[in-house]
Amino acid sequence: MSNRNFVALRTIWIKECTRFLRIWVQTLVPPAITMSLYFVIFGNLIGERIGQMGGFTYMEFIVPGLIMMAVITNSYANVSSSFFSAKFQRNVEELLIAPVPNWIIILGYVGGGVARAMLIGVIVTLVSLFFVDVHIHSLGIIVLTVLLTSTLFATAGLINAVFAKTFDDISMVPTFVLTPLTYLGGVFYSLSLLPEFWQWVSKANPIVYMVNGFRYGFLGVSDVNYLTSLGLLVVFNLALFAVAYQLINRGVGIRH
Amino acid sequence: MKALNISGLTKTYRGGTQALRGIDLTVSEGDFFALLGPNGAGKSTTIGIISSLVNKSGGNVSVFGHDIDTALVDAKSCIGLVPQEFNFNQFETLLQIVVNQAGYYGVPRDIAKQRAEKYLKQLDLWDKRNQPARELSGGMKRRLMIARALMHEPKMLILDEPTAGVDIEIRRSMWTFLKAINEQGITIILTTHYLEEAEMLCRNIAIIDKGTIVENTSMKALLAKLNIETFVLDLAPVEQAPALEGFTHRQLDDHTLEVDVPKESGLNDVFRQLSDQGVTVLSMRNKANRLEELFVRMVESGRQQKDQGAANE
Ligand SMILES: Nc1ncnc2c1ncn2[C@@H]1O[C@H](COP(=O)(O)OP(=O)(O)OP(=O)(O)O)[C@@H](O)[C@H]1O
Ligand SMILES: [Mg+2]
């Protein structure tokens, strides 16, 4: 990477981090509160009655899924709202007139989403320590899975923002696609509880692989092979990056 | 080498608006160049294409010899843009806005911070550096965009109506500033609706109307073409419109008369004819800015030529 590109990338990344830190009440506090509620209600109150799942207490079982849920939502939300507002306020033009290659623009925005998601991942993990002892089976798998998941959803958020014409357009996908897929993605239950047919259907849900890969990193148990999870993540990442790159190159939604 | 070379530039927007119909334009290095034209003429479209905000439909643009199709990065590095509409993040502070812009051009942060101080001070914004941009007045926002455009020290500065909505005092100080940076060697292209501004600042000028260049010449040559002035005479009420031989004139009401006076004829004859008819002239003023008049005439004659051309086809 040339020095100029590196400076540009760093600048976009710092700008993105400054943005979510400036509005931390909107960006960092809500996930901490939501996740605490999940821990209290599902983990503590209801979980006590559920008993074991996958050989662990219910609370231990859902912690990785809940962290992953926060990471997914926040990677997506950060990039979709930041890039859309850059379009809306037209400050995306500051980048378009400058000699910044499009892949740097994408990396910068995605990097910002990843930074917020990682920070929230750490916050949620810290919150969870009040409720359970966190096991770590393989730190490498944990870090790799969470990073790849975060880049994937950050890129997806960028693509959403490219097409969005109103603020409503960037809340549609999270409401109608991401949330249902996450809830059905094995955050709260092991797929083995489902009838065979629904197990099979669930495996078409990409989030199942991310949640399970991540959980494997913590607990060493998973409904799917962690290598499949990592492999799929890499493939999805490459595919979405290619889509985002095409869109920005053609100037869809940003250049007349 | 030319600072800007445009040939055969066309633009049709999605939806079918033909904003540019084949524009040729050159701007020399170090020039102070005005691009004038009525609303919707295609000024911002032209500037948008030069600065990569708008995709062209056809034609060529090169900036200091760098073609935007083949050497875009080099072309972009030469240009600083002050757009017509505010386009910064209203929630960022002035310092963040200018330092980040420098970063996009690859200027390291420590150097960017020094330049930020220099340009924000020059544009009288340094006291506000830590305030979010939305707290600035309209005139300050315009100046912020000028500071931002200079952060990577471009060879050419393009300003799209930089003084729109700016009071006369600040406008004057912006003129002084722009003249000074032009004297340091920065090529400046400017669009404006304040024709006094073009007259004050610019050496060369192009007039664009409906996507076509109707005039492209030096300011001096243009002003020389303007040999007719219109005067508005305030009369003691008259019952019948006075006759004025040899002058185009219009009686607006019983006490107002407009007369077009070619420079070489002078005013004596007008007054002699009026006093012969017993008409009392109470006061007199120039109708409008000379350049403004000229501008209207240029655009109109351009349109007539085009209509004739169309009729002959
Ligand atoms: N994004 C766009 N989509 C469609 N048409 C556009 C767009 N931008 C400009 N136009 C049209 O192109 C033509 C030229 O517009 P342009 O903004 O270049 O004019 P201008 O000379 O800058 O006018 P003004 O003095 O009002 O700023 C107009 O007819 C305008 O409606
Ligand atoms: Mg315009």
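Residues numbered from 1 in each chain as written. Chains lettered and ligands numbered in written order. Predicted model: local features only at pLDDT ≥ 70, side-chain atom pairs only at ≥ 80, totals over all residues. Heavy atoms only, no water.

- An unreviewed UniProt entry lists chain B under the name ABC transporter ATP-binding protein, with Fluctibacter halophilus as the source organism.

- The name given to chain A in an unreviewed UniProt entry is Transport permease protein, and the organism recorded there is Fluctibacter halophilus.
- You can read under Sequence similarities (unreviewed entry) in the UniProt record for chain A the words "Belongs to the ABC-2 integral membrane protein family." (UniProt positions renumbered as here; feature names shortened; annotations may be inferred.)

### Some details on the overall build of chain B
Inference 1: Helix and strand counts for chain B come out as 10 helices and 14 strands.
Inference 2: Along the first, second and third principal axes, the C-alpha set of chain B runs to 75 × 55 × 35 Å.
Inference 3: Every one of the 313 residues in chain B was classed for burial, and the buried ones make up 49%.
Inference 4: Put simply, 69% of the contacts in chain B that link residues at least 6 apart link residues at least 24 apart.
Inference 5: Of the roughly 14,400 Å² of accessible surface on chain B, 47% is carried by carbon and sulfur atoms. (Helix = DSSP H or I, 4+ residues; strand = E, 2+ residues; numbered from the N terminus. Buried < 20%, exposed > 50% of the residue type's maximum accessible area, 1.4 Å probe, protein only. Contact = heavy atoms within 4.5 Å. Areas by Shrake-Rupley, 256 points an atom, 1.4 Å probe, with all protein chains shown as cover.)

### A closer look at the site of ligand 1
Inference 1: Near ligand 1, the surroundings consist of 15 residues, among which Asn39, Gly40, Lys43, Ser44 and Thr45 of chain B are the closest.
Inference 2: More than one chain lines the surroundings of ligand 1; the residues nearby belong to chains A and B.
Inference 3: A distance of 3.3 Å separates a nitrogen atom of ligand 1 from a polar atom in the side chain of His256 of chain A.
Inference 4: At 2.7 Å from an oxygen atom of ligand 1 is found a side-chain nitrogen or oxygen belonging to Lys43 of chain B.
Inference 5: When ligand 1 is considered free in solution it has 630 Å² of accessible area, and contact with the protein chains removes 68% of it.
Inference 6: Per-element tally for the shell around ligand 1: the top contributor is helix α1 (residues 43–50) of chain B, with three residues.
Inference 7: Grouping the amino acids of the shell around ligand 1 by side-chain chemistry returns four nonpolar, nine polar and two charged. (Near = heavy atom within 4 Å. Polar contact = N/O pair within 3.5 Å; in protein donor to acceptor, adjacent residues only side chain to side chain. Nonpolar A, V, L, I, M, F, W, Y, C, P; charged D, E, K, R; others polar.)

### Looking at the packing of aromatic side chains
To describe a pair of aromatic rings, you give the distance between the ring centres and the angle between the ring planes.
Inference 1: Taken as a whole and judged by the stated rule, the model has 13 aromatic pairs over all chains.
Inference 2: With a centroid separation of 5.7 Å and an interplanar angle of 35 degrees, the aromatic rings of Tyr183 of chain A and Phe188 of chain A are classed as tilted.
Inference 3: Judged by its relative accessible area of 35%, Tyr183 of chain A is partly exposed.
Inference 4: Seen from their ring centres, Phe241 of chain A and Tyr245 of chain A are 6.3 Å apart, and the 10 degrees between their planes marks the pair as stacked. Of this pair, Phe241 of chain A and Tyr245 of chain A both sit in helix α11 (residues 226–250), four residues apart, roughly one helical turn.
Inference 5: Given a relative accessible area of 29%, Phe241 of chain A falls into the partly exposed group.
Inference 6: Of the residues examined, Tyr245 of chain A reaches a relative accessible area of 29% and is grouped as partly exposed.
Inference 7: In this structure, Lys11 of chain B packs its charged tip against the face of Tyr13 of chain B, placed 5.0 Å from the ring centre. (Phe/Tyr/Trp six-rings, centres within 6.5 Å; stacked < 30°, edge-to-face > 60°. Lys NZ or Arg CZ within 6 Å of the ring centre and 35° of its normal.)

### Re α1 of chain B
All names here are of chain B.
Inference 1: With seven of eight residues buried, α1 is to be regarded as a mostly interior element.
Inference 2: When α1 is considered as a whole, its buried residues turn out to be Lys43, Thr45, Thr46, Ile47, Gly48, Ile49 and Ile50.
Inference 3: Among the residues trailing α1, Ser52 stands out with phi positive, at a value near 70 degrees.

### Notes on the sheet that holds strand β1 (residues 2–12) of chain B
Residues and elements named next belong to chain B.
Inference 1: Pairing within the open sheet is antiparallel, and its four strands lie in the order β2-β1-β4-β5. Every interior strand has two partners, whereas the edge strands, β2 (18–28) and β5 (66–67), have only one.
Inference 2: Where β1 and strand β4 (residues 58–63) come together, five bridges link them in antiparallel fashion. Bridge pairing links Ser7 to Asn60 in β4.
Inference 3: Its contacts with the sheet place α1 against β1, β2 and β4, and it is angled at close to 115 degrees to β1. (Pairing = 2+ DSSP bridges. Axes fitted to C-alpha atoms, helices over the stretch in contact; angles between N-to-C directions.)

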